Every structure is written in structure tokens, then in C-alpha cells.
Amino acid sequence: MHKTKNLRMKVNSGNIFTSIPSHEPASSDGTTDPMTLLPTPPSVTTTLPVRAIPGTYGWPVVGPLSDRLDYFWFQGSETFFRKRMEKHKSTVFRTNVPPCFPLFTGVNPNVVAVLDCKSFSHMFDMEIIEKRDTLVGDFMPSVSYTGKQRVCAYLDTSEENHTKIKGFALDILKRSSKVWISSLISSLDTMWSTIDESLATKGKASYVIPLQKCLFTFLSKSIIGADPETRPHIAKSGYATLDTWLALQLLPTQGIGLLQPLEEIFLHSFAYPFWLVKGGYDKLVEFISEEGKEVVERGQVEFGLSREETIHNLLFILGFNAFGGFSVFLPTLLSHLGKDTTGEQRKLREEIRSKSMGTSTLSFESVTQMPLVQSYVYEILRLNPPVPIQYGRARKDFQLSSHDSAFDVKKGELLCGYQKLVMRDPEVFDDPETFISDRFTGSKGEKLLNYLYWSNGPQTGSPSTSNKQCVAKDYVTRTACLFVAYLFQRYDSFTCNSAGQITAAVKAK
């Protein structure tokens, strides 16, 4: 691949980087070696040319409002970032992101977008990046949604409670390993039996609600140590309460495809009040408090958290991090797999059954012996990360590097990384717009895991109390692998449509 002029924008949905020359060393096959793309440490002087960050925030009120309308209405989020990257001929530029005018007067929409692997990776350096209250940008939902607590996701690594709460979360996952797989398999049995019944009587079956019920039950048992069936109203509507709770917090930052301009007027112009979901939230608090007593007590005794801190962080971990993340990720995985027309189902089925060696028992260890299944899951995460945008604020002045340039970033500036484009960086990924199921297999594929950033850190990284990487990074990918393996132990094949329905399923012979 020639690297001097390097015109990289294909027509329509083609490659995303336009006329960005590379200054990186190439490997023997002419492409950049991914291992050379790590960011330059702040203390090291870069040899890249230093340029001013291109782009502008526009006139007050007018500029942010214009960008907001492009982001939600006229372009959509992905095209919004693509067009500005193309315009500025840079993967680093200034722009505005929602929410903004009229009723978000305390929110600063100004950001520095970082859209390639090298510039984005600075976000993981806690010496130069602060994560205090930046989960969804400069906007922060009311703490009423989290029991008046600033939960761990909003804490910076320098805050004492971050160490306590993240240590608690890591401990929860370690202990949950005893019941994680059995709870998952039990919930999947119920989910797919429900779908089989609908297929038999109606010829099709929606998988969205059965999947959410499955997730809520399995995650409650694994994380909280509590079975929703002990409280019928929680078993019946707990998942729906979490859906509402999540939506009300995030609506100002999310496009949902309603008729415009109604979406702009009613969903993106103001923050929704907590009282709309207070009743349901309080019931979930009571459920955790009463049915998860052992976990709640451990948070207090072993990690020095107050009872309120423990309960509301547990609910956030359950509802936002786990249930919310899986509710985005697994439907995407299932839909992509169910629409396959290229023979991927057959390849996955053959690998799963050959590695199962005649046994139906699944475990984290068994799926690590299925490289194609793992790669398929990684590729879904590369193209469709559950959290598409990551934010971080400059802790101090520093110099940020992209592939071709360096930029001076000032203390207090907010960085914004749109991961759907970051992980389509052609300097790292061959044919980055194409889904390649075995992309992450072999020695070259293993190297690429350094640039799979969906978890707020590389797939090869380790979550700790000193960073902001998702504590369940490995649990998420292995659970998804188990999900796929379970499917092809139960079925030979299945088909999905675009409406979130299974339209056919052939039972395993």
C-alpha cells in the first residue's frame, strides 16, 4: 500500500480517512505495523510536524446549534464526524457535540475530536487525561438518577472513592465466576424455549424482550446474588424499569430516529426529570437492599463504602454497565449472525461442535479454544462498540499525536473519540469498512487486539483501580462467545429479519 499520497476516501461508504499522509514505518508487506502506532508519551518530544488543531466552534449559540442539528437530523453521528474529518483532512479537529442550546445552559459542547487509533489512545493515559464527570461529555445526568451519589463511572482515578468502588466491582466479578455460566445457561434455556414456542405458533418470534428478560435475570443472580423470581413485580418489569431509567438519562445525547423536528424539540432540548422513573428505581433499590444483603454488606465491611454508596453503585453496575451494555451488544451480534448469507454460521457451527468434543458443557475455558468464535465477537465490537463515544478532559497541557501530525492540547479541553471511526483506522486495519470474521485470528490478529478499544482501553489491557477500563472486559467477550456457542449447540441454523425477529430456526440434529 503506497503511503506518500495515500488518498483514502472511497465513494459513499468507503474508507474514512482522506488524504492523510502517513509518517509511520511500514512492515514488509507495505502496510504500517500496528505495534508502531502507540502514542508518544507526553515527556517525549515527537518528530511529527506540529500543527494547530483545525476546525472551529462557530458563533456562540449558533455554532453549537448548527452542529447539533447536523449530528441528530441532517447527517447523523457517523456522517457528522466523517464529513468534518474529510473537510479538515485531519483525524483531529475542533467541533461541537450535543447537548446544547436552549436549556443546557451549563453545558459546554466544545470538544477536540480524536478519530484515529493513535490520537484516541491518549485517552487511556491517566497522567494527562481526567475522567471526572465526563462519561457522556460535559453533560452529566442528575445525580438523582443514582441516589444522589456520584457513582464510579463519573469518578476520576485520582478520587479516593474510585479506588474503593472499582476494587469492589473487580471483587464482585471475581466472586461471580462461580455462578456466571450456570446462571447464563439457565436464562438462555428459558429465552430460547420462549422463542421456540412463538416460532411454532406464529412462524416468527421477537428476540428483544426475551433477551432483555434473560439478561436481567442472569445478571441479577451473578452480580447481586439475587434471583428476581423472589419478587414477582421485579421479575415481571425490572428490565423495563432499567430501560426507562437508561433512556431518560441519555436521551439528550442520543438520536433515536423519530420524526423530525419532533425529536429535536421533545428529546434533545432539555433533560428529563428523575421523578418519571423514581417509583421503579426505588423498587430496584429495595430489591438489591433486601435480596443482595451479602454483597451490600461486603461493600461496606471490606471496601469502606457507605450503605448508600454500595447499593446505588451496585444498581449502576447492574443496570447501566452490564444490562445496558449487553442490551446493545448482543442484539447487534444476534442480528448480524442471523442475517448471514456468506456461510459464517456453518463455519462457526463446525468450530463449536468440533471443539465441544461431543459434550454440551460450555465454559470460559472451552470458548478460548474457539478462535473463529472469538474473532467474530471481536469484529462485531470493532464495528459496533456498545459505547460509541468516549470522553476525557486534558489534565494538563500536552502534545497529542495522530499518525501524521502533533497538536498542542490545553488543560481543560475535552477530548471526544467516536469509536466507530477510530476502530476503522486504515493505518491499523486492512479493509477497515468490511466485516472480516477471522480478522483477529493468528499472530497478526492477536496484535490487532491492541487496537480494539471498545472497553475504554485495549483488549490486551488489564482493568485496575488506576485506570478507567471496563472491569468486565473479558467477561463481556467470553459471555458473547458462550452465547454464540450455545446457539450452535441448540440450532444448526437460524434466520433474523430487520425487525428484531427470528423467522426460522433449524434444531440441531
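Everything that follows concerns the structure shown earlier in this document.
Residues numbered from 1 in each chain as written. Predicted model: local features only at pLDDT ≥ 70, side-chain atom pairs only at ≥ 80, totals over all residues. Heavy atoms only, no water.

1. Topic: the overall build of the protein chain
A count of helices and strands for the protein chain gives 17 helices and ten strands. At 23 Å, the protein chain has a C-alpha radius of gyration in line with the 23 Å of a compact globule built from 509 residues. Within the span of the protein chain, comprising 509 residues, buried residues form 56% of the whole. Restricting the contact set of the protein chain to residue pairs at least 6 apart, pairs at least 24 apart contribute 71%. (Helix = DSSP H or I, 4+ residues; strand = E, 2+ residues; numbered from the N terminus. Rg over C-alpha atoms; globule rule 2.2 N^0.38 Å. Buried < 20%, exposed > 50% of the residue type's maximum accessible area, 1.4 Å probe, protein only. Contact = heavy atoms within 4.5 Å.)

2. Considering the pattern of salt bridges
This structure, assessed with the given rule, holds 32 salt bridges. The partner of E433 in a salt bridge is R424, with the nearest N and O atoms 3.0 Å apart. For E433, a relative accessible area of 21% puts it in the partly exposed group. Each of the salt bridges in this network shares a partner with another, and the network as a whole consists of E130, R132, D133, R150 and E159. (Salt bridge = Lys/Arg side-chain N within 4 Å of Asp/Glu carboxyl O.)

3. Observations concerning the packing of helix α11 (residues 307-338) against helix α17 (residues 473-490)
Axis separation between α11 and α17 bottoms out at 11 Å; the angle between their running directions is 40°. At the point where α11 passes α17, the crossing takes the right-handed sense. Of the residues in α17, those touching α11 at F326, F329, L330, L333, L334 and L337 are V476, T479, A480, F483, V484, L487 and F488. Residues belonging to the contact of α11 with α17 are distributed by class as follows: twelve nonpolar, one polar and no charged. (Axes fitted to C-alpha atoms, helices over the stretch in contact; angles between N-to-C directions. Left-handed = near helix turned anticlockwise from the far one by under 90°. Nonpolar A, V, L, I, M, F, W, Y, C, P; charged D, E, K, R; others polar.)

4. Some thoughts on the sheet that holds strand β1 (residues 92-96)
The strand order across the open sheet formed by five strands is β1-β2-β8-β5-β3, and the pairing between neighbours is mixed. Of all strands in the sheet, those bounded by a partner on one side alone are β1 and β3 (129-130). Of the pairings in the sheet, the one linking β3 to strand β5 (residues 389-394) comprises two bridges and is antiparallel in character. Note on β5: the bridge partner recorded for E130 is R393. (Pairing = 2+ DSSP bridges.)

5. Some remarks on the packing of aromatic side chains
Counted under the stated rule, the structure contains 28 aromatic pairs. Centre to centre, the rings of Y71 and F81 are 6.1 Å apart; their planes meet at 85°, and the pair counts as edge-to-face. In this pair, Y71 is assigned in helix α1 (residues 62-74) and F81 in helix α2 (residues 77-88), connecting sequence segments ten residues apart. The pair Y71 / F81 is uniform in exposure class, with both members buried. Taking the centre distance of 5.2 Å and the plane angle of 45° together, the rings of F270 and Y272 count as tilted. The exposure class assigned to F270 is partly exposed, which follows from its relative accessible area of 26%. (Phe/Tyr/Trp six-rings, centres within 6.5 Å; stacked < 30°, edge-to-face > 60°.)

6. Things to note about helix α5 (residues 180-202)
One turn of the α-helix equals 3.6 residues, which is why residues spaced by three or four share an orientation. Its 23 residues give α5 an end-to-end C-alpha distance of 33 Å, which sits within 8% of 33 Å, the value for a rise of 1.5 Å per residue. Regarding α5, the residues found buried are W180, I181, S183, L184, S187, L188, M191, W192, I195, D196 and L199. (Expected span 1.5 Å × (residues − 1).)

7. Side note on the nonpolar core
If you look at the biggest cluster of nonpolar residues, it comprises 126 residues, and the most contacted ones within it are W192, L219, W245, F329, L330, F483 and L487. Beyond its immediate sequence surroundings of up to four residues, L487 is in contact with W192, L334, L337 and F494. Formed by 16 residues, the second largest nonpolar core is a distinct cluster that contains Y71, F80, V111 and L421. (Core = buried A, V, L, I, M, F, W, Y, C linked by side-chain atoms within 4.5 Å.)

8. Let's talk about the packing of helix α12 (residues 344-356) against α17
Closest axis-to-axis distance for the α12/α17 pair is 9 Å, and the angle between their directions is 90°. By the criterion of interaxial angle, the relationship of α12 to α17 is roughly perpendicular. Note on element contacts: α17 touches α12 through V484, A485, F488 and Q489, opposite Q345, L348, R349, I352, R353 and S356. Its residues assigned to classes, the contact of α12 with α17 comprises five nonpolar, three polar and two charged. (Parallel < 35°, antiparallel > 145°, perpendicular 65-115°, else oblique.)

9. Overview of a nonpolar patch on the surface
A cluster of nonpolar residues, W59, V61, V62 and F101, forms a patch on the protein surface that exposes about 460 Å² of accessible area. Along the chain, the position of V61 falls in the segment before α1. (Patch = residues over 30% accessible without salt bridge, like charges linked within 9 Å, V, L, I, M, F, W, Y side chains within 5 Å. Areas by Shrake-Rupley, 256 points an atom, 1.4 Å probe, with all protein chains shown as cover.)

10. Points about α12
Over its 13 residues, α12 runs 18 Å from end to end, which matches the ideal 18 Å to within 8%, given 1.5 Å per residue. Residues E344, Q345, L348, R349, E351, I352 and S356 constitute the buried set of α12. One face of α12 carries all of its buried residues, which in axial projection span an arc of 165°. Looking at the buried side of α12, the elements it contacts are α11, α14 (371-383), α17 and β9 (491-496). (Arc of directions from axis to C-beta.)

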